[in-house]
Amino acid sequence: MLDILMVVSEAVPYSKTGGLGDVGGALPAALAHLGHRVTVATPRYRGMDGGQAVAAFGRGAWFGAPDCRVLESVHDDGVRFWFVDCPAYYDREELYADARGDYPDNYMRFALLSRAALECAATTGMRPSIVHAHDWQAGLVPVYLRERFRGHPAFDAVGTVFTIHNLAYQGNFGREVLPQLDLPWDVFTGEGLEFWDKASFLKAGINYSEIVTTVSRRYAQEIQTAEQGFGFEGILRRRAAVLVGIRNGVDVRAWDPANDPLLPARFNAADLAGKAEVKRALLARFGLDAPGQWARPVIGMVSRMVDQKGLDLIFAAVTAGALQALDASFVILGTGAPKYEAMWRDLAARHPNRVAVTVGFSEELAHLIEGGSDIFFMPSRFEPCGLNQMYSLRYGTVPVVRATGGLDDTVTDVDESTGEGTGFKFRAYTAEAMMEALRRALSWYARPAAWRRIQLAGMAQDNSWEASAREYVEVYARARERAGRG
Ligand code: ADP
Ligand code: GLC
């Protein structure tokens, strides 16, 4: 049995801006299910309550951060949460940014998360066998371990793993932050955390951990290329021997069409009748239920409205009049760049019977769209893993995706001659290729029996966490070996 300390800036049910939150909630549960002891250290953001104080650290204990406490709460499944409580840092409207942009003290806020997690382990007598840090927000974890806990008995059996969920977010800050973070200048080198004269939390995580993972096999390859490496391709190629891709899973407790309390009806592969009911409810909810609308295929999207998610391609297709020319309805949920929010609102105003958008974040609507749509649309420019396409597959909602990252790994393109496959993929990042994939999907939709086969093939796919959690356990063993602790 391993004693795993996870450091992650989002975890459902407490906090979530995207897939990181899903993983922060579900991976610990899956590891606990395999018999490991898991502790998740995460910020106590606004609105979170509960927990018993297990540690308190005074202002300036390690660096200039305000007073903080750590509150502990243990879930029924055995996962223990450590909420780092520092209201001056975490009691804010959003997790990372407000309308003016990123919070300027993010480097302090997330350095505190990393440091407090380790200090709490040290002062409460935990002896972790693995410390697993996620994304740039936890990138300083292995650096603090090396620089500030070298030889500390709490960590004499530890191996470190760092997971990249999205290379586009790097946590790069001016070099002057280093002394403020209680780090010595000798980490500021190319082999350390210096990145184009900045202190990069992402690079810290990559360079100071025994093993680096990312969230799909395909993305693990892609990030070693100039096209998808965001300037990190060289760094990652140097670490290729310890770079591992492990696909995220679906938390089947939260995403199960046969047992989803957020749906107005339930269904499964043996009986899809409930799906038709969910579609009706979806159309009614979004005001697309005028007579004659029912037969039209519904294309759904739940997404951050940013370029990563292919919104620039959609913008081009809308500008050219191509998207709205499809004989389909669109149900859209998301927030993001004002330009894209306005584009959808505009389109909905011009096609009130066929296009509806909700700008906002809603777990309930996300489930309704996954359940009630015929097609789920994810034309991402890059996608480390992507969770929505996997939810769609489970819900009999056929994904149309760009063949990149986790989308490429989890969706099988329908073979035009045999009809075998689970979705529709396009490769070139162009509006034309995207439109072609949508048209192809619609032409198969027009053949109900063939469409049903595609739906059922997707529903039969097992993307649960179990297998992925086992792969993490193997990676943990390797990390401990590399640290000389096997
Ligand atoms: P990313 O993390 O890059 O945004 P993922 O596909 O991994 O992409 O995960 C996105 C997660 O966030 C999914 O669980 C999705 O349902 C959810 N999500 C995204 N936007 C919204 C929204 N507007 N309302 C509710 N859930 C959302
Ligand atoms: C990132 C990626 C997404 C991935 C998620 C969880 O937000 O953009 O593809 O699924 O992290 O790993």
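Refer to the structure presented above.
Residues numbered from 1 in each chain as written. Chains lettered and ligands numbered in written order. Predicted model: local features only at pLDDT ≥ 70, side-chain atom pairs only at ≥ 80, totals over all residues. Heavy atoms only, no water.

Caption draft 1: View of the overall build of the protein. On a plain count of helices and strands, the protein comes out with 17 helices and 20 strands. Compactness check: the protein gives a C-alpha radius of gyration of 23 Å against a globular reference of 23 Å for 486 residues, within 12% of the reference. Within the protein, residue pairs in contact and separated by at least 24 positions form 72% of the contacts whose partners lie at least 6 positions apart. Working note: accessible area of the protein is about 18600 Å², and carbon and sulfur atoms make up 50% of it. Averaging the positions of the 52 positive and the 58 negative side-chain charges in the protein gives two centres separated by 2 Å. (Helix = DSSP H or I, 4+ residues; strand = E, 2+ residues; numbered from the N terminus. Rg over C-alpha atoms; globule rule 2.2 N^0.38 Å. Contact = heavy atoms within 4.5 Å. Areas by Shrake-Rupley, 256 points an atom, 1.4 Å probe, with all protein chains shown as cover. Lys, Arg positive; Asp, Glu negative; His and termini not counted. Charge placed at Lys NZ, Arg CZ, Asp CG, Glu CD.)

Caption draft 2: Geometry of the site of ligand 2. Lining the immediate environment of ligand 2, one finds 13 residues, of which His 165, Asn 248, Glu 383, Cys 385 and Gly 386 sit closest. One of the backbone N or O atoms of Pro 384 is found 3.4 Å from an oxygen atom in ligand 2. Within the backbone of Cys 385, one N or O atom sits 3.0 Å away from an oxygen atom of ligand 2. Notes on ligand 2: free accessible area 310 Å², of which the protein chains cover 93%. A class-by-class count of the residues in the shell around ligand 2 yields 5 nonpolar, 6 polar and 2 charged. Residues from two domains meet in the shell around ligand 2; each of domain 1 (3-249 + 466-482) and domain 2 (273-462) gives at least three. (Near = heavy atom within 4 Å. Polar contact = N/O pair within 3.5 Å; in protein donor to acceptor, adjacent residues only side chain to side chain. Nonpolar A, V, L, I, M, F, W, Y, C, P; charged D, E, K, R; others polar. Domains from an automatic or database assignment.)

Caption draft 3: The environment of Gly 229, seen in detail. Examined against the element boundaries, Gly 229 turns out to sit in the loop between α7 (217-222) and α8 (233-238). The sequence separation of Gly 229 and Tyr 219 amounts to 10 residues, and the corresponding C-alpha distance is 9.7 Å. Not counting residues up to four positions away in its chain, the partners in contact with Gly 229 are Leu 167, Glu 222 and Ile 223.

Caption draft 4: Structural view of the sheet that holds strand β3 (residues 52-57). Here 9 strands make up an open sheet; going across it, the order is β3-β4-β5-β2-β1-β8-β9-β13-β14 and the pairing mixed. The sheet is open, and its two borders are formed by β3 and β14 (243-245), each paired with just one other strand. In this sheet, neighbouring strand axes are inclined to one another by 20° on average, regardless of whether the strands run parallel or antiparallel. Both strand β2 (residues 37-43) and strand β5 (residues 80-85) contribute to a ladder of 5 bridges, which runs parallel. By the bridge assignment, Thr 42 is partnered in β5 with Phe 83. Running over the sheet, helix α3 (residues 106-124) touches β1 (3-7), β2, β3, β4 (68-74), β5 and β8 (130-134) and is turned about 110° from β3. Those strands touched by helix α6 (residues 201-208) are β9 (159-164) and β13 (211-214), and its axis lies near 135° from that of β9. (Pairing = 2+ DSSP bridges. Axes fitted to C-alpha atoms, helices over the stretch in contact; angles between N-to-C directions.)

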